[in-house]
Amino acid sequence: MAIKFGTDGIRGIAYEELTQDVAYRVGNALARLVGGCRVAIGRDTRVSGEDISQALINGLVSAGGNALDCKLMPTAGVSYITKKYKCDFGVVISASHNPPEYNGIKVFDSHGLKASEETESLIEKLILQEPISATKGSVSDFSQSEKEYIDFLVGKGIDLTGLKILLDCSNGACVRIAPKVFEALGADVTAINTSEDGAIINENCGAVNALLLCDIAKDFDMTFAFDGDSDRLIALDEKGEVVDGDKNLFIIGRYLKEKGKLDANTVVGTSMTNMGIEKAFAEQGIVFERADVGDKYVMRRLLEKGGVLGGEGSGHTIMLNESATGDGVQTAVILSKIVKESGKPLSTLSKTQIFPQIISSIKVKDKEKIMSDERLIDAYSQWQRQFAGKGRILLRPSGTEQKIRIMVESCSSKLNENCVKFLTNIIGQIE
């Protein structure tokens with residue numbers, strides 16, 4: 001059984017790669033790591049969610065652990081409850097932005113932070129061992145977490161009366177929460193994709209399909225699209241233009257700088273963050289740092305630098321002065337607050353020069369094999385030399401799926417297109 005943590009927990013096709021047995025063993029492992037532990041557990045709407053959540057609870061309780069069952073809850077909500085109630089761990093059953101057939105297991109520590117690699121390694125080792133049985137622990141229905149999390153989010157905003165806001169809840173974990181938060185703040189709210197049918201989570205909706213909202217977004221002051229567990233946010237302005245995670249980062253970073261709340265005067269992005277954002281931060285006198293792709297790497301760099309703000313273009317935004325992990329709904333609330341306070345539309349706040357960029361994902365059977373093939377390595381090196389001084393090119397395996405990701409950016413859209421086409425063809429030949 002080779003179960004490994006990736007960039008964002010354990011991930012795989014439900015019932016095939018991520019089985020109930022795996023979930024049982026993870027729960028059992030947590031109770032063995034900390035005897036009599038308390039664990040807050042939540043999930044998104046996926047069809048497999050209840051089965052996998054229940055299996056994990058069973059494994060936890062069988063080894064003497066105690067579960068606080070939060071049921072349907074965004075990832076950041078579980079993080080919040082874990083920290084508030086001094087739990088030893090938090091667990092989220094979700095595959096985030098991945099298609100409905102996938103599921104995953106994310107683990108938080110007692111501070112509501114993503115578990116360390118050391119903890120993940122210990123869990124991986126315990127999964128391989130035979131589960132133990134002990135005096136059974138307890139299971140508490142913790143449905144109250146929904147209201148508590150809503151109250152927490154409302155407290156981050158201001159009166160949004162007069163703002164017309166569209167929410168795309170991706171048929172995911174925030175379907176009950178995001179609309180209530182914005183209604184409580186006084187906004188005129190329209191919510192779409194609010195089904196709890198996990199068979200259609202992320203399907204032609206939400207953050208991963210935000211471009212589908214460009215036309216309808218023109219009827220609103222702001223549009224916010226979340227992913228399946230709502231840790232990602234992609235916004236659209238009143239003109240129907242996408243405001244991605246990079247621009248969210250810039251808007252919030254500049255705001256915190258103006259308010260004297262940008263600790264260490266530093267913002268952390270990733271190797272994928274657009275060069276235009278880096279330049280814009282420099283013009284504001286803000287230091288910009290790059291980390292590896294993955295919010296846990298962004299978090300690590302923030303803690304090293306003493307910063308409070310970091311994020312990814314895909315929509316993760318971490319605000320350590322507000323929460324312990326990325327929170328799409330909270331990010332939407334903060335952006336709305338900035339728009340309201342400034343009196344400026346989102347299109348004005350997000351205006352900055354962005355270098356033409358292409359991000360392509362190619363589905364493959366064996367990403368490790370392809371990444372190590374000399375043909376691809378040579379081609380990548382050739383294009384790196386061609387981009388030197390003109391732009392950037394990144395080639396990496398996905399941390400959550402069997403995909404190769406290509407990112408290129410430069411002043412020339414044509415050069416970007418040629419590069420992606422060439423590398424895609426090489427990958428096709430290797431397959």
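Report follows, based on the coordinates.

We now examine the pairing of strand β12 (residues 266-270). Where burial is concerned, most of β12 is hidden: five out of the five residues are buried. Across the two faces of β12 the burial is the same, with T266, V268 and T270 and V267 and G269 all buried. Sheet topology note: the β12/strand β13 (residues 287-291) ladder contains five bridges and is parallel. From the neighbouring strand, G269 faces β13, where its bridge partner is R290. Between the parallel elements β12 and β13, the chain passes through helix α8 (residues 275-283) in a crossover that is right-handed.

Right, let's talk about the sheet that holds strand β1 (residues 10-13) for a bit. One open sheet accounts for six strands, arranged β1-β5-β4-β2-β3-β6; its pairing is mixed. One side of each edge strand has no neighbouring strand; the edge strands of this open sheet are β1 and β6 (139-141). Strand after strand, the sheet turns through a mean of 20° between neighbouring axes, direction not considered. Alignment of β1 against strand β5 (residues 102-108), held across four bridges, turns out to be antiparallel. When the sheet's bridge partners are listed, I13 is paired in β5 with Y102.

Here the focus is the side chain of D8. Relative to the assigned elements, D8 resides in the segment before β1. A polar side-chain atom of D8 sits 3.0 Å from a polar atom in the side chain of K106. Setting aside chain neighbours within four positions, we find D8 in contact with K106, K114, D231 and D295.

It is worth spelling out the nonpolar core at this point. Counting 61 residues, the largest nonpolar core has I165, L167, F182, F224 and F226 as the members making the most contacts within it. Here this core gets seven residues from one element, more than from any other, and that element is helix α10 (residues 328-342). Apart from residues no more than four positions distant in its own chain, F182 is found in contact with L160, I165, L167, A187, V189, F224, A332, V333 and S336. In this structure, I3, A29, A31 and A67 belong to the second largest nonpolar core, which totals 31 residues.

Another point: the pairing of strand β2 (residues 38-43). Extensive coverage of β2 is indicated by the burial of five of its six residues. By the bridge criterion, six bridges tie β2 to strand β3 (residues 66-72) in an arrangement that is parallel. Its bridge partner lying in β3, A40 is registered against L68. Once you follow β2 into helix α2 (residues 49-62) and on to β3, the crossover reads as right-handed. As paired strands, β2 and strand β4 (residues 89-93) are joined by five bridges and run parallel to one another. Opposite V39, over in β4, you have F89 as the bridge partner.

As a further point, take helix α3 (residues 75-84). Along an α-helix, a turn takes 3.6 residues, which lines up residues three or four apart on a common side. Counting buried positions along α3 yields seven of ten residues, so the element is predominantly enclosed. Within α3 the residues assigned to the buried category are T75, A76, G77, V78, S79, I81 and T82. On the buried face of α3, the contacting elements are β2, β3, β4, β5 and α5 (145-154). Immediately downstream of α3, the backbone of K86 shows phi near 55°, a positive value.

At their nearest, the axes of α3 and α5 sit 10 Å apart, and the two run at 95° to each other. Overall, the two elements α3 and α5 adopt an arrangement that is roughly perpendicular. Contacts between α3 and α5 involve A76, G77, Y80, I81 and K84 on the former and, on the latter, S145, E148, Y149 and F152. Partitioned by chemical class, the residues of the contact of α3 with α5 number five nonpolar, two polar and two charged.

Next up on the list: the packing of helix α7 (residues 245-258) against α10. Closest axis-to-axis distance for the α7/α10 pair is 11 Å, and the angle between their directions is 55°. Judged on the interaxial angle alone, α10 and α7 are oblique. Every pair of crossing elements has a handedness; the one defined by α7 and α10 is left-handed. Residues N248, I251, I252 and Y255 of α7 form the contact with α10, whose own contacting residues are T331, I334, L335, K337, I338 and E341.

You can see L122 is positioned in helix α4 (residues 117-128). Here L122 falls in the partly exposed class, since its relative accessible area comes to 42%.

One pass over the full model with this rule turns up 29 salt bridges. Salt-bridge contacts for K147 lead to D151; the nearest nitrogen and oxygen are separated by 2.8 Å. Of this pair, K147 and D151 both sit in helix α5, separated by four residues, roughly a single helical turn. The class of K147 is exposed, set by a relative accessible area of 56%. The class of D151 is partly exposed, set by a relative accessible area of 42%. For E289, the salt bridge is made with K305, and the minimal N-O distance between the two is 3.7 Å. Here E289 is found in strand β13, whereas its partner K305 is found in helix α9 (residues 295-305), with 16 residues between them in sequence. Put simply, D8, R11, K106, K114, D229, D231 and D295 are held in one network by salt bridges that share partners.

Once that is clear, we can look at the sheet that holds strand β17 (residues 391-397). Taking strand neighbours across the sheet as the criterion, the three strands line up as β16-β18-β17 in an open arrangement whose pairing is antiparallel. The strands lining the two open edges of the sheet, one partner per strand, are β16 (357-363) and β17. The sheet shows a mean angle of 10° between the axes of neighbouring strands, taken without regard to direction. Bridge count for β16 against strand β18 (residues 403-410) is seven bridges, and the pairing is antiparallel. Counterpart to I362 in the pairing with β18 is I404. In the packing of helix α14 (residues 413-430) onto the sheet, the strands contacted are β16, β17 and β18, and the crossing angle to β18 comes to about 160°.

Definitions and cut-offs
Residues numbered from 1 in each chain as written. Predicted model: local features only at pLDDT ≥ 70, side-chain atom pairs only at ≥ 80, totals over all residues. Heavy atoms only, no water. Buried < 20%, exposed > 50% of the residue type's maximum accessible area, 1.4 Å probe, protein only. Helix = DSSP H or I, 4+ residues; strand = E, 2+ residues; numbered from the N terminus. Pairing = 2+ DSSP bridges. Right-handed = clockwise from strand over helix to strand, strands pointing away. Axes fitted to C-alpha atoms, helices over the stretch in contact; angles between N-to-C directions. Polar contact = N/O pair within 3.5 Å; in protein donor to acceptor, adjacent residues only side chain to side chain. Contact = heavy atoms within 4.5 Å. Core = buried A, V, L, I, M, F, W, Y, C linked by side-chain atoms within 4.5 Å. Parallel < 35°, antiparallel > 145°, perpendicular 65-115°, else oblique. Nonpolar A, V, L, I, M, F, W, Y, C, P; charged D, E, K, R; others polar. Left-handed = near helix turned anticlockwise from the far one by under 90°. Salt bridge = Lys/Arg side-chain N within 4 Å of Asp/Glu carboxyl O.

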